[in-house]
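Listed below are the residues making up each chain.
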Amino acid sequence: MKLCRYDADRLGVVQGDQVIDVSDLRDEIAAAPWTGPGDVVIARLPQLLARIKSEVPNRRDVALSGVKLLSPVKSPSKLPAAPTNYRAHIAEMQKVSANSPVKRSQDIGTSGMFLKATSSMVGPSEGIQLRFLDRRNDHEVELAIIIGRTCNAVAQADALDYVAGYCIGLDITLRGPEDRSFRKSIDSYSVLGPWMVTADEIPDPDSLQLKIAVNGEIKQNANTRDMVYSVRRLIEFSSAFYTLHPGDVIFTGTPEGVSPIRPGDLLSAEVERIGAMDVRVR
Ligand code: MN
């Protein structure tokens, strides 16, 4: 099932080019007291999906093209992210940093993961508001994992049991000497969308084609099978350090082909089995 957040925080089921409003079911499910941490809707997703399956056939829909798409998750407790998780991208970044005094570890196992601020999160319709236009800002298209249940010290073999679903993530990045978490946490630099696809529709997240075009020109086009750390390994690795909560979104890293973006650009991102989204840069 594809679930989108849209307009003024409505929840919808995406079917083809239509959206079926299920906000009232979401509100019902979320009404019972919630102490968190994490996102109450994602935490109660199994009950919500059961309600939706019985109700949706009797509901009216609206055109998907007419709604404003928000991040599919409203309240993640954190946005963990993998640096340099595709070999060809590592080589590419070595070239970029060859003339830079900033030296970074190239190995995710050594450097670990980083966190993007939840305040940087937006949906595709909100667009990206660039800052520091005198410096290089890059697009990074990534598969994003939405955690469904609280978990800690998860073994790889069990990792997918804790996944609620997937969406597309754009890890927009200001290049420069500051810490990654600072440069990648600028407001609107974490785009999630266009909707969440529940995990049952993606049995193998480690074989998904992903790509992004800037103004119609393909810049990144790769497959998640080329990730250094797989989806399962990233859940094991991150949860070895901190508890993951429902609604936490893991950015899995970007393949080769990152390039600068500027105000006025149109980013078109697509991940197999999830869908496609257009995001405007301002
Ligand atoms: Mn990234």
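The structure under discussion appears in the preceding block.
Summary of the structure given here. (Residues numbered from 1 in each chain as written. Predicted model: local features only at pLDDT ≥ 70, side-chain atom pairs only at ≥ 80, totals over all residues. Heavy atoms only, no water.)

For the rest of this paragraph, the subject is the overall build of the protein chain. Looking only at helices and strands, the protein chain features 7 helices and 18 strands. Here the C-alpha radius of gyration of the protein chain, 18 Å, is about what a compact globule of 282 residues would show, namely 19 Å. Dimensions of the protein chain, computed from C-alpha atoms along their principal axes, come out at roughly 60 × 40 × 30 Å. The proportion of buried residues among the 282 residues of the protein chain is 53%. Relative to all contacts within the protein chain whose residues are 6 or more apart in sequence, the contacts with residues 24 or more apart total 77%. (Helix = DSSP H or I, 4+ residues; strand = E, 2+ residues; numbered from the N terminus. Rg over C-alpha atoms; globule rule 2.2 N^0.38 Å. Buried < 20%, exposed > 50% of the residue type's maximum accessible area, 1.4 Å probe, protein only. Contact = heavy atoms within 4.5 Å.)

Mapped onto the elements of the fold, Asn85 is located in the loop between strand S6 (79–81) and helix H4 (87–96). Side-chain polar atoms of Asn85 contact the backbone nitrogen of Tyr229, separated by 2.7 Å. (Polar contact = N/O pair within 3.5 Å; in protein donor to acceptor, adjacent residues only side chain to side chain.)

The complete set of buried residues in helix H1 (residues 23–30) reads Ser23, Leu25, Arg26 and Ile29. Take H1 and look down its axis: the buried residues cluster within an arc of 160 degrees, on one side only. Residues of H1 that are buried make contact with strand S2 (10–15), strand S3 (18–21), helix H2 (40–43) and helix H3 (45–55). (Arc of directions from axis to C-beta.)

We now examine the pattern of salt bridges. Overall, the coordinates contain 21 salt bridges when judged by the stated rule. Glu140 is the salt-bridge partner of Arg175, the closest N and O atoms lying 3.0 Å from each other. Of this pair, Arg175 sits in the loop between strand S12 (173–174) and helix H6 (180–183) while Glu140 is found in the loop between strand S9 (137–138) and strand S10 (141–147), placing the two residues 35 residues apart along the sequence. Like Glu140, Arg175 is buried. (Salt bridge = Lys/Arg side-chain N within 4 Å of Asp/Glu carboxyl O.)

For the structure shown, the criterion picks out 2 aromatic pairs. Ring centres 5.2 Å apart and planes at 80 degrees place the aromatic pair Tyr229 and Phe237 in the edge-to-face group. Each member of the pair, Tyr229 together with Phe237, is buried. Consider the rings of Phe237 and Phe241, whose centres lie 5.9 Å apart with planes at 75 degrees: the pair is edge-to-face. Every member of this aromatic cluster is reached through a ring pair, and the members are Tyr229, Phe237 and Phe241. Across from the ring centre of Phe132, 5.9 Å away, lies the NZ or CZ of Arg135, which sits over that ring. (Phe/Tyr/Trp six-rings, centres within 6.5 Å; stacked < 30°, edge-to-face > 60°. Lys NZ or Arg CZ within 6 Å of the ring centre and 35° of its normal.)

What is shown is where atoms sit, not what they do.
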